[in-house]
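Summary of structural features
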Amino acid sequence: MHPSRNAVPVSESDLRDALARVSNEKEALRQELDATRKHVRTIQILDELIEPYARKSFTFMCVYCGVVALILLLDGCQVTGFKLPDEVLKYLVGSTATTVIGLVGMVLTGIFVGARRRED
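Residues numbered from 1 in each chain as written. Predicted model: local features only at pLDDT ≥ 70, side-chain atom pairs only at ≥ 80, totals over all residues. Heavy atoms only, no water.

**Observations regarding the overall build of the protein chain**
Note the following rule: Strands here mean DSSP runs of E at least two residues long; helices mean DSSP runs of H or I at least four residues long; both are numbered from the N terminus. Burial status follows relative accessibility: with a 1.4 Å probe on protein chains alone, a residue under 20% of its type maximum counts as buried, one over 50% as exposed, and anything between as partly exposed. Contacts were defined at the residue level, with two residues in contact if any of their heavy atoms lie within 4.5 Å. Under the convention used here, a 1.4 Å probe and the Shrake-Rupley method define accessible areas, while residue burial counts only the protein chains that appear.
Counting its regular elements, the protein chain contains 3 helices and 0 strands. The helix and strand sequence of the protein chain, counted from the amino end, reads α-α-α. A buried classification covers 11% of the 120 residues belonging to the protein chain. Counting contacts in the protein chain only where the partners sit at least 6 residues apart, residues at least 24 apart contribute 66% of the total. Summing over all exposed atoms, the protein chain offers an accessible surface of approximately 10100 Å²; the carbon and sulfur share of this is 64%.

**Details of the side chain of Thr96**
Cut-off, in case you're wondering: Any N or O atom pair separated by 3.5 Å or less is treated as a polar contact, with the protein-specific requirement of one donor-capable and one acceptor-capable atom, and with residues adjacent in sequence counted only for side-chain atom pairs.
Note on placement: Thr96 falls in helix H2 (residues 86-109). At a separation of 2.7 Å, a polar atom in the side chain of Thr96 contacts the main-chain carbonyl oxygen of Leu92.

**Considering the pattern of salt bridges**
Note the cut-off: By definition, a salt bridge exists where a carboxyl oxygen of Asp or Glu is found within 4 Å of a side-chain nitrogen of Lys or Arg.
Counted by the stated rule, this structure contains 7 salt bridges. The residue Glu12 makes a salt bridge to Arg16 at a minimum N-O spacing of 2.0 Å. Here Glu12 pairs with Arg16, and both are found in helix H1 (residues 12-77), just 4 residues apart, close to one helical turn. You'll find Glu12 and Arg16 in the same group, each marked exposed. In this structure, the salt-bridge partner of Arg41 is Glu48, at a minimum N-O distance of 3.9 Å. Among the charged side chains, a network of salt bridges with common partners joins Glu27, Arg30 and Asp34.

**Thoughts on the state of the cysteines**
To be explicit about the condition: Any two cysteine sulfur atoms lying within 2.5 Å of each other are counted as a disulfide.
Scanning the model with the defined rule gives 0 disulfides in all. With no disulfide of its own, Cys62 lies 7.0 Å from the sulfur of Cys65, the closest cysteine sulfur. Look at Cys62 and you get partly exposed, because its relative accessible area is 38%.

**Let's talk about the confidence of the model for the protein chain**
What counts, and what does not: A residue's pLDDT is the confidence the predictor assigns to it, expressed on a 0 to 100 scale.
With 83% of its residues at a pLDDT of at least 70, the protein chain reaches an overall mean of 81. Highest mean pLDDT in the protein chain belongs to H1 (88); lowest belongs to helix H3 (residues 113-119) (56).

**Topic: the environment of Leu74**
With respect to the element layout, Leu74 can be found in helix H1. Look at Leu74 and you get partly exposed, because its relative accessible area is 33%. Leu74 sits 10 residues away from Leu84 along the chain, and the two C-alpha atoms are 9.5 Å apart. Leave out the neighbours within four places in its chain, and Leu74 touches Thr80 and Phe82.

Printed below as a string of structure tokens:
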């Protein structure tokens, strides 16, 4: 090989400095990759912890609303002689609305948001 006409001579110390700089960048990127992997794993663990609670909450909401709907139907039909005071009916309807709104709010904002924010 013939040296290029425009080749700039490079000293050994310049090469060492460049190698040290590349090594430092490699180490910094490796540490960043490790931190990113830990963060992703933390999110996966949180998702695994959240899923059963989300399913149980949804099941609770469905059963509770179904029971309240059945009580309202029994009271409204008055076939069986089942009659509740208006205050009790208001309480049942209000508590059902609160349950549904609260659970939907938790899902929309994300369950355990505080744990995720601390991790960021």
